[in-house]
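Letter by letter, the chains look like this.
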Amino acid sequence: MLDFLVEGILKSPLTERLPADSDAEIAALAASLDAAARRKLGRSLAIRQVDAGSCNACELEIHALNNVFYDLERFGLHFVASPRHADVLLVTGPVTKNMRAALERTYDATPGPKWVVAVGDCAKNGGCFAGSYAVVGGVGDVIPVDLHIPGCPPPPTAILAGLVALIRSAAQSP
Ligand code: SF4
């Protein structure tokens, strides 16, 4: 036990160190997303995440937005449990045949104005699952997509930056 404790104190952590400026970058991105949402909606942004058939690595990156480091809720942005309370649908994965109807129903249940963000390479065109007997295709093959965030999986800052760009352009349109 003592050896284990000494080893833990002397060895460097297993995780990579974050770049020194990332906290400021995240704070700036989240604050501008919240400001754009308030301009467009008059309140903070509500996000509903939909897994249409992903391998779940994209979910891990999205969930990281709520961990103690990113902590998006401190900027007023929040994930909601129902599409009826959502402004943005963050959809991951290729759309599987089993999830097609659920995705369509989720889209229909989301009140306007609403935006759909396809997260990850699979969400664009099926990615590495394209051509599978179980896959319909990308998210855009089932519901209208406003933005695609590439990556396999995209990191949390890329997801945040994509949301900022989307809501900013929406805030500038009438
Ligand atoms: S884009 Fe990559 S990480 Fe995301 S669901 Fe597809 S295979 Fe998984």
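Structure: above.
The rules behind these values
Residues numbered from 1 in each chain as written. Predicted model: local features only at pLDDT ≥ 70, side-chain atom pairs only at ≥ 80, totals over all residues. Heavy atoms only, no water. Helix = DSSP H or I, 4+ residues; strand = E, 2+ residues; numbered from the N terminus. Buried < 20%, exposed > 50% of the residue type's maximum accessible area, 1.4 Å probe, protein only. Contact = heavy atoms within 4.5 Å. Pairing = 2+ DSSP bridges. Near = heavy atom within 4 Å. Nonpolar A, V, L, I, M, F, W, Y, C, P; charged D, E, K, R; others polar. Salt bridge = Lys/Arg side-chain N within 4 Å of Asp/Glu carboxyl O.

Visitor: For this particular structure, what's the right way to read the environment of Ala-37?
Guide: Along the polypeptide, Ala-37 turns up in helix H2 (residues 22-41). Judged by its relative accessible area of 0%, Ala-37 falls in the buried class. Once the C-alpha coordinates of Ala-37 and Glu-104 are considered, the two residues, 67 residues apart in sequence, prove to be 25 Å apart. For Ala-37, the contacting residues outside a window of four places in its chain are Gly-42, Arg-43, Ser-44, Leu-45 and Ile-167.

Visitor: Even after reading the chapter, I still don't get the side chain of Thr-110, so can you show me in this structure?
Guide: Tracing the backbone through its elements, the reader meets Thr-110 in the loop between helix H4 (97-109) and strand E5 (115-119). Residue Thr-110 is classed as buried on the basis of its relative accessible area, which comes to 2%. Among all residues touching Thr-110, those that are not within four sequence positions of it are Pro-83, Ala-86 and Leu-89.

Visitor: Quick question: what am I supposed to make of the sheet that holds strand E3 (residues 88-92) here?
Guide: The parallel open sheet is built from five strands, whose spatial order is E2-E1-E3-E5-E7. Each edge of the open sheet carries a strand with a single partner, namely strand E2 (78-79) and strand E7 (147-149). As judged from the two bridges shared by strand E1 (residues 46-51) and E2, these two strands associate in the parallel manner. Paired with Ala-46 across the two strands is His-78, which belongs to E2.

Visitor: In this structure, what is going on with the site of the ligand? I would like to understand it.
Guide: Residues in close proximity to the ligand include Ser-54, Cys-55, Ala-57, Cys-58, Gly-120, Asp-121, Cys-122, Cys-128, Gly-151, Cys-152 and Pro-153, which together make up its full environment. Of all the secondary structure elements, the ones that give two or more residues to the shell around the ligand are helix H3 (57-64) and helix H5 (121-125). Broken down by class, the residue content of the shell around the ligand amounts to seven nonpolar, three polar and one charged.

Visitor: Explain the environment of Phe-69 here, please?
Guide: Mapped onto the elements, Phe-69 comes out in the loop between H3 and E2. A sequence separation of 43 residues divides Phe-69 from Ile-26, and the C-alpha atoms of the two residues are 9.4 Å apart.

Visitor: Teacher, can you tell me more about the pattern of salt bridges here?
Guide: If charged atoms from side chains of opposite charge come close, those side chains can pair. Following the criterion strictly, the structure yields two salt bridges and no others. Here Arg-38 makes a salt bridge to Asp-34, at a shortest N to O gap of 3.1 Å. Placement of both Arg-38 and Asp-34 in helix H2 is noted, with a separation of four residues, approximately one turn of the helix. Close ionic contact of Arg-100 with Glu-104 constitutes a salt bridge, the shortest N to O distance being 3.4 Å.

Visitor: Explanation requested: unusual backbone geometry in the structure shown.
Guide: Backbone phi values are negative for most residues with the exception of glycine, while trans is the configuration of most peptide bonds. The peptide bond linking Gly-112 to Pro-113 adopts the cis configuration, its omega dihedral lying at -5°. With respect to the helices and strands, Pro-113 occurs in the loop between H4 and E5. The residue after Cys-152, namely Pro-153, is reached through a cis peptide bond having omega -5°. When you line up the elements, Pro-153 lands in the loop between E7 and helix H6 (156-172). Phi is positive for Asn-56, which is not a glycine, with a value near 85°. Residue classification places Asn-56 among the partly exposed positions, given a relative accessible area of 38%. With phi around 45°, Asp-71 is a residue other than glycine that occupies positive phi space. Assessed through its relative accessible area of 28%, Asp-71 is described here as partly exposed.

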